[in-house]
Amino acid sequence: MKHADFITVTRGLRGFFAVQMTWDVNCDCYVPLTTHHSSYRDISSAERDGRVWAKYEELRYIKPERYAA
């Protein structure tokens, strides 16, 4: 699949959280589809949620390079 959904982590007003990204044909880019219900102050906890979620949904998990230490 050329533009398969994937799980990653992002940061917003609520802290770090996992998000499922999907391809939007109208804007020709990835957009958030849904987010995990939990939020954290640290990225490692959100990454743990993301990896578990990705495995459960049989999706790829992509580590967010933007927040790498």
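Residues numbered from 1 in each chain as written. Predicted model: local features only at pLDDT ≥ 70, side-chain atom pairs only at ≥ 80, totals over all residues. Heavy atoms only, no water.

**What to know about the overall build of the chain**
Of regular secondary structure, the chain possesses one helix and four strands. Mapped from its N terminus to its C terminus, the chain presents α and β elements in the order β-β-β-α-β. The C-alpha radius of gyration computed for the chain amounts to 12 Å, which stays within 12% of the reference 11 Å derived for 69 residues, consistent with globular compactness. With respect to the principal axes defined by its C-alpha atoms, the chain has extents near 35 × 25 × 25 Å. Across the 69 residues that make up the chain, the buried fraction comes to 38%. Relative to all contacts within the chain whose residues are 6 or more apart in sequence, the contacts with residues 24 or more apart total 41%. A total of about 5,000 Å² of accessible surface is found on the chain, and carbon and sulfur atoms cover 52% of it. (Helix = DSSP H or I, 4+ residues; strand = E, 2+ residues; numbered from the N terminus. Rg over C-alpha atoms; globule rule 2.2 N^0.38 Å. Buried < 20%, exposed > 50% of the residue type's maximum accessible area, 1.4 Å probe, protein only. Contact = heavy atoms within 4.5 Å. Areas by Shrake-Rupley, 256 points an atom, 1.4 Å probe, with all protein chains shown as cover.)

**Remarks on the packing of aromatic side chains**
Enumeration according to the criterion identifies two aromatic pairs in this entry. Both rings, one in Phe6 and one in Tyr30, keep their centres 4.9 Å apart while their planes meet at 70°; by these two values the pair is edge-to-face. In this pair, Phe6 is assigned in strand S1 (residues 6-12) and Tyr30 in strand S3 (residues 29-35), connecting sequence segments 24 residues apart. Aromatic side chains Trp23 and Tyr30 sit 5.0 Å apart centroid to centroid with 80° between the ring planes, which places their arrangement in the edge-to-face category. Judged by relative accessible area, which is 22%, Trp23 ranks as partly exposed. Through pairs of rings, three or more aromatic residues link up here, namely Phe6, Trp23 and Tyr30. Sitting above the plane of the Phe17 ring, Arg14 keeps its charged end 3.9 Å from the centroid. (Phe/Tyr/Trp six-rings, centres within 6.5 Å; stacked < 30°, edge-to-face > 60°. Lys NZ or Arg CZ within 6 Å of the ring centre and 35° of its normal.)

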